[in-house]
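Descriptive structure summary
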Amino acid sequence: MKRILCLAIMTSILLASCNNEPSLQKYYVEKTENKNFIAVDLSPNMFNIDETKLADDEKAALKSFEKVNILAFKLNDKNKGEFETERIKLNEILKEEKYQQIMKYGSGKDGASVSFVGDDEHIDEFVFYANNKENGFAVVRVLGKDMNPTGIMTLMSVLKSADVDLEQLKSLQQMFEK
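A few points on the structure. (Residues numbered from 1 in each chain as written. Predicted model: local features only at pLDDT ≥ 70, side-chain atom pairs only at ≥ 80, totals over all residues. Heavy atoms only, no water.)

Glancing now at the nonpolar core. Of all hydrophobic cores here, the largest spans 20 residues; its most connected members are F65, F126, V142 and L155. For L155, the contacting residues outside a window of four places in its chain are A61, L62 and F65. Within the second largest apolar cluster, 17 residues are counted, among which are L24, Y28, L94 and F137. (Core = buried A, V, L, I, M, F, W, Y, C linked by side-chain atoms within 4.5 Å. Buried < 20%, exposed > 50% of the residue type's maximum accessible area, 1.4 Å probe, protein only. Contact = heavy atoms within 4.5 Å.)

With respect to the secondary-structure elements, L71 resides in strand β2 (residues 65-74). Separated by 58 residues in sequence, L71 and Y129 have C-alpha atoms that sit 9.7 Å apart. Among residues more than four places away in sequence, those in contact with L71 are Y27, Y28, K31, F37, I38, A39, F137, A138 and V139. (Helix = DSSP H or I, 4+ residues; strand = E, 2+ residues; numbered from the N terminus.)

What follows concerns the sheet that holds strand β1 (residues 37-42). Strand order in the open sheet formed by six strands is β1-β2-β6-β5-β4-β3, and the pairing between neighbours is antiparallel. Strands with a single pairing partner mark the edges of an open sheet, and in this sheet they are β1 and β3 (100-106). Sheet twist, expressed as the mean angle between neighbouring strand axes with direction ignored, is 10°. Two elements, strand β4 (residues 111-119) and strand β5 (residues 122-132), share nine bridges in a ladder whose sense is antiparallel. Among the inter-strand pairings, A112 is bridged to a residue of β5, identified as A130. Strand contacts of helix α4 (residues 80-94): β1, β2, β4, β5 and β6 (136-147), with the helix running at about 150° to β5, the strand carrying the most contacts. (Pairing = 2+ DSSP bridges. Axes fitted to C-alpha atoms, helices over the stretch in contact; angles between N-to-C directions.)

The next subject is the pattern of salt bridges. Proximity of charged atoms lets side chains of opposite charge pair with each other. Applying the stated rule across the entire model yields six salt bridges. The shortest N-O distance in the salt bridge between R141 and E125 comes to 2.8 Å. Of this pair, R141 sits in strand β6 while E125 is found in strand β5, placing the two residues 16 residues apart along the sequence. By relative accessible area, E125 is classed as buried at 7%. Overlapping salt bridges bring together K31, E86 and K89 as one network. (Salt bridge = Lys/Arg side-chain N within 4 Å of Asp/Glu carboxyl O.)

With that settled, the discussion passes to the packing of helix α2 (residues 24-31) against α4. It is at 10 Å that the axes of α2 and α4 come closest, and there the two elements cross at 155°. Regarding the angle of α2 to α4, the classification is roughly antiparallel. Contacts between α2 and α4 involve L24, Y27 and K31 from the first element and E86, K89, L90, I93 and L94 from the second. Of the residues belonging to the contact of α2 with α4, the class tally is five nonpolar, no polar and three charged. (Parallel < 35°, antiparallel > 145°, perpendicular 65-115°, else oblique. Nonpolar A, V, L, I, M, F, W, Y, C, P; charged D, E, K, R; others polar.)

A full pass over the atoms with the stated rule returns nine aromatic pairs. Where Y27 meets F37, the ring centres are 6.2 Å apart and the plane angle is 80°; that geometry is what we call edge-to-face. Placement of the pair is Y27 in helix α2 and F37 in strand β1, with a sequence separation of ten residues. Every member of this aromatic cluster is reached through a ring pair, and the members are Y27, F37, F73, F83, Y129 and F137. (Phe/Tyr/Trp six-rings, centres within 6.5 Å; stacked < 30°, edge-to-face > 60°.)

See the structure below:
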């Protein structure tokens, strides 16, 4: 009897802890196998950065960075309906309270936005989202620990001089070539 009660309690806890709220992480995982999407994960070691040449603030910015997830949908004549459905889903996810929008550009059908998860000095995720009714859309998640806007700008300047292994980005490049 004790075992059944213990099992029932553990099952209840497990089911209660499952979160059914939409999130970019769940969306990303669901869409990685869809033929209309291209998913790319980038790790910091892909950037081949020589940390011995970095200033302290650059090292701190790089240390706060964990990975980048890129998910892109390439629009064509056969998937216009799916494009609109997926665009609406992404817009709804990004309206969730945890995604704080910093900037938005364009109209409802074309444009871009930048959002983050966390607070001003302890950001766990930056989200760059762009969509275009002729090409498709892309969502880029920059994940880290205790990132901040200044650190992200510093990281971007460090990445400009990085020796990036572009082979990992070939599928994305080919997707948006005409």
